Each structure stands twice: as structure tokens, then as C-alpha cells.
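This is what each chain is made of:
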Amino acid sequence: MDFKKAFDLIVGRVESELEKLGYTKQKVASEDANEIVALFTNPDIAYSVVYYKDKQQMVLRSCSMTEEGPDNEWKTLATWLYDEETSTQKDAESIANDFAEGVSGAVAIKRAKQVKQKKKKDDDGTANPKFLAKRFVAFFPELRDEIKYEEDGYFPFRGATFAKEKIAPKVDAYIKRATKAETEKIAGLFNLQYGNGDADTRSIITIVILNSLDDEGYNTISEYFDNDLKKAANAARKYKGKTVKAEKPKKKSVSNASTLKNS
């Protein structure tokens, strides 16, 4: 079986498993003519399937994610020989089954939890409010232009204000029309971003966005929250209806400190 067809079969099987877990397939092109690559990411972990032509190897590997993308400290999880001259579709399916298990089985779940816990231990969350806003572009593409407008007009990024004015209404409308699968998907986004977020991001998720939902909408989505978010979001409901103090925007201009000092 041609190695490209085998690669597509294996990647397709891996993708079907990772999609269920909230991973996204990224468009990547290998810089090395000797290999073909597929990449899947979520905010915590990246998985990659690689075929090395010279070694005739199919490889499954993983690494941690940063705000800029994979940290590229890849750890090989499985390696299989695949010689297109002698290997068959049955061989490709065996590799596909092994790789699918490698990204979705008990060991993979444990791996994801360890990475998430390590991030919390290291810095208690590093994803900031702007990072949170950009994650919603996958659900609401029109946010891309609105985020750029915010970045161009204000510094620092007004996370709470932007979430209240731009994200919360979209989330509310989305949940009202969402299917069960769609609701579970956006709840997964909240789970990941709450787990990875800094203190401001977590407050924006619970007090600003989730508290903008009426009880029906909140009950619908909270069914899919993990324990950490559910506990925090339920506690934040007591602040529902109370005013959240907005950030004071700083104008993008040259400082007048010296002028004020001499006046």
C-alpha cells in the first residue's frame, strides 16, 4: 500500500479520536522533504503523526503547548516500520488502531491531566484575557476583526470589557440554538481556558461571560463543566447582576510625564 495512502488512513483515524477530545487539526507543511506531517493541538498538548521516508517509519509523538504553539520538545509515543513495497492496508490499520489508542486511551488521559496539573503548579495559569478572546474565534469568526480593532484602539487589552460587550452576547445566542454536541464543544473550551487561564481570565469566564447567561442557559452548559470550573462558576453566580468594574483604557500615545513634572 502506498505510504501516502497509509499515512492518510492513519491520520484520519487519529483525527477522529482527537476531535472528540477537543483537538484541532492544524495546517502544516514539513520543511523537510524526507517527511510528511500531521499536527493536532489543544491549549495543553500537541500530537503529531510523522512518516520518515528514509527510515520508512510511522511515528506518533507529543509535546506541550505554549501560547506561541508547540514547544517542539517532542516525545515519541509509538514507532512502526512501514515499507510500502511489502506493507498492506491491514498493516496500516494496525498502526492506525495503535495510534488512536495512544491519543485517546487511559494513558493519554493521564498524560493530559499531568500536563494540566504541571501548568497549574508552575504558574497557576498563564493564558491571559486576550488569549481567551482569540480562542472564541473558532466559534465566532467575526471576532477576529473585533479583536484587532480592540488591540489597535486600547492598551492594555480590555479583557473584561471586550468579553462583556463582544463575547458574552454571542455565547448566549449560541447556547440558545446549540445542539447537545455543540454545547459540549463550547463547554470544553471553557474548561480548557479556565484551567489554563490566569486570575483575570478565570474571573472573566465566571463572572463576566457565564454570569451573563440566564439560569436556563447556564444550567444547559454547566452540565458539561469539569469539577474545577463548575465549583468556581457556581460560586460566582452570587455576583450575577452586580456591576463589574471596567478597566480604565490607556491611550496609545507618547507619555507626557516630563511635561507634567515641569509644569
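Please refer to the structure placed before this passage.
To keep things clear, this report deals only with the structure shown in the data block. Quick caveat: nothing in here was measured; it's all calculated off a predicted structure.

### Looking at the packing of helix H6 (residues 159-177) against helix H7 (residues 180-196)
Where H6 meets H7, the closest approach of the two axes is 9 Å, and the angle between their N-to-C directions is 145°. Considering how the two elements wind past one another, H6 and H7 form a crossing that is left-handed. In contact with Val171, Tyr174 and Arg177 of H6, H7 contributes Glu182, Ile186 and Phe190. Classifying every residue of the contact of H6 with H7 by side-chain character gives four nonpolar, no polar and two charged.

### Points about unusual backbone geometry
That bond from Phe155 to Pro156 is cis: its omega, 0°, falls within 30 degrees of zero. For Gln56, which is not a glycine, the phi torsion comes out positive at approximately 55°. Residue placement: Gln56 occurs in the loop between strand S3 (45-52) and strand S4 (57-66). Taking the relative accessible area as the measure of exposure, Gln56 reaches 32% and is therefore partly exposed. Although it is not a glycine, Asn72 adopts a positive phi angle of roughly 65°. A residue is classified by how much of its surface remains accessible, and Asn72, at 53% relative accessible area, is exposed.

### Description of the nonpolar core
Most often, soluble globular proteins keep nonpolar side chains buried together rather than apart. Core analysis: the largest hydrophobic core is formed by 34 residues, its most contacted members being Phe136, Ile167, Val171, Phe190, Leu210 and Phe225. Of all the elements in the fold, those that place two or more residues in this core are helix H4 (129-135), helix H5 (143-153), H6, H7, helix H8 (199-209), helix H9 (215-222) and helix H10 (227-236). It is H6 that contributes the most residues to this core, seven residues altogether. Contact partners of Val171, with chain neighbours within four places excluded, come to Phe136, Phe140, Ile186, Phe190, Ile209 and Leu213. Membership of the second largest hydrophobic core comes to 26 residues, among which are Ala6, Val11, Ala92 and Ala96.

Conventions we followed
- Residues numbered from 1 in each chain as written.
- Predicted model: local features only at pLDDT ≥ 70, side-chain atom pairs only at ≥ 80, totals over all residues.
- Heavy atoms only, no water.
- Axes fitted to C-alpha atoms, helices over the stretch in contact; angles between N-to-C directions.
- Helix = DSSP H or I, 4+ residues; strand = E, 2+ residues; numbered from the N terminus.
- Left-handed = near helix turned anticlockwise from the far one by under 90°.
- Contact = heavy atoms within 4.5 Å.
- Nonpolar A, V, L, I, M, F, W, Y, C, P; charged D, E, K, R; others polar.
- Buried < 20%, exposed > 50% of the residue type's maximum accessible area, 1.4 Å probe, protein only.
- Core = buried A, V, L, I, M, F, W, Y, C linked by side-chain atoms within 4.5 Å.

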